[in-house]
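Structural overview for review
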Amino acid sequence: MAKGIEIRAAHFPGRAPIDTYGNGGFRFADMSHRGSILCLPSGIHGWDMDISKPLSPENFRRVLEEATDIEVLLVGTGTELRRLPEELKQALKARGIASDPMSTGAAVRTFNIMLAEQRAVAAALIAV
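The shown structure was predicted, so the numbers you read here are calculated from the model rather than taken from an experiment.

1. Describing the sheet that holds strand β5 (residues 36–40)
An order of β1-β6-β5-β9-β7-β8 is seen for the six strands of this open sheet, with the pairing classed as mixed. Of all strands in the sheet, those bounded by a partner on one side alone are β1 (11–12) and β8 (98–102). Pairing of β5 with strand β6 (residues 43–47), which is carried by five bridges, proceeds in the antiparallel orientation. Its bridge partner lying in β6, Leu 40 is registered against Gly 43.

2. A word on the pairing of strand β3 (residues 25–28)
Where strand β2 (residues 18–22) lies against β3, four bridges are found, and the strand directions are antiparallel. For Thr 20, the partnering residue across the bridge sits in β3 and is Arg 27. Adjacent in sequence and paired antiparallel, β2 and β3 are bridged by two residues, among which Asn 23 carries a positive phi angle near 50°. Bridge count between β3 and strand β4 (residues 31–34): four bridges; the pairing is antiparallel. For Phe 26, the partnering residue across the bridge sits in β4 and is His 33.

3. Digging into the packing of aromatic side chains
This structure, assessed with the given rule, holds two aromatic pairs. Between Phe 12 and Phe 28, the aromatic rings sit 6.1 Å apart at their centres with planes inclined by 65°, giving edge-to-face as the arrangement. Of the two residues, Phe 12 is situated in strand β1 and Phe 28 in strand β3; the sequence distance between them amounts to 16 residues. Considered together, Phe 12 and Phe 28 belong to a single accessibility category, that of buried residues. Taken together, a centroid distance of 5.2 Å and an interplanar angle of 75° make the contact between Trp 47 and Phe 60 edge-to-face.

Cut-offs applied
- Every residue gets a number counted from 1 within its own chain, in the order that chain's sequence is written.
- In keeping with the model being predicted, local features are shown solely for residues with a pLDDT of at least 70 and side-chain atom pairs are shown and tallied solely at 80 or more, while totals for entire chains, interfaces and linings include all residues.
- The side-chain numbers reported here are obtained from all heavy atoms of the structure, hydrogens and water having been left aside.
- A pair of strands counts as paired when DSSP detects no fewer than two bridges linking them.
- The numbering of helices and of strands both runs from the N terminus, where a helix is a DSSP run of H or I of at least 4 residues and a strand a run of E of at least 2.
- Any two rings among Phe, Tyr and Trp, with Trp reduced to its six-membered ring, count as a pair given centres within 6.5 Å; such a pair is stacked if its planes are under 30 degrees apart, edge-to-face if over 60, and tilted if neither.
- The buried label applies to any residue whose accessible area, calculated with a 1.4 Å probe on protein chains only, is under 20% of its type's maximum; exposed applies above 50%, and partly exposed to all values in between.

Everything listed here is a matter of coordinates, which is why it stays silent on function.
Dropping the structure here:
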């Protein structure tokens, strides 16, 4: 007998371009997600992140775990550019990942282009 609604971690098991963003979420692969996302080689994951939280290595743990398949990480920091703290930049660099912070809109556009070019790109996108 069913026990009710089962809540699962948000995850799309593949790579897909981002179709749209805004209103607090994203659309991709004929799906929508409310909140921030990580676009990684393992798929698109829901990310418990917003502009009030620090850009720290702990908040980028999943990115660091998949470092072997990532050359460039685009960080969409919301509507305004936020610098990456030195501790995070060094953690990414130590794993061979080049990081580039930019507004979320710019990160979405750049991610889609690099994905189409089949580059080893990932994106950490804070919802706007």
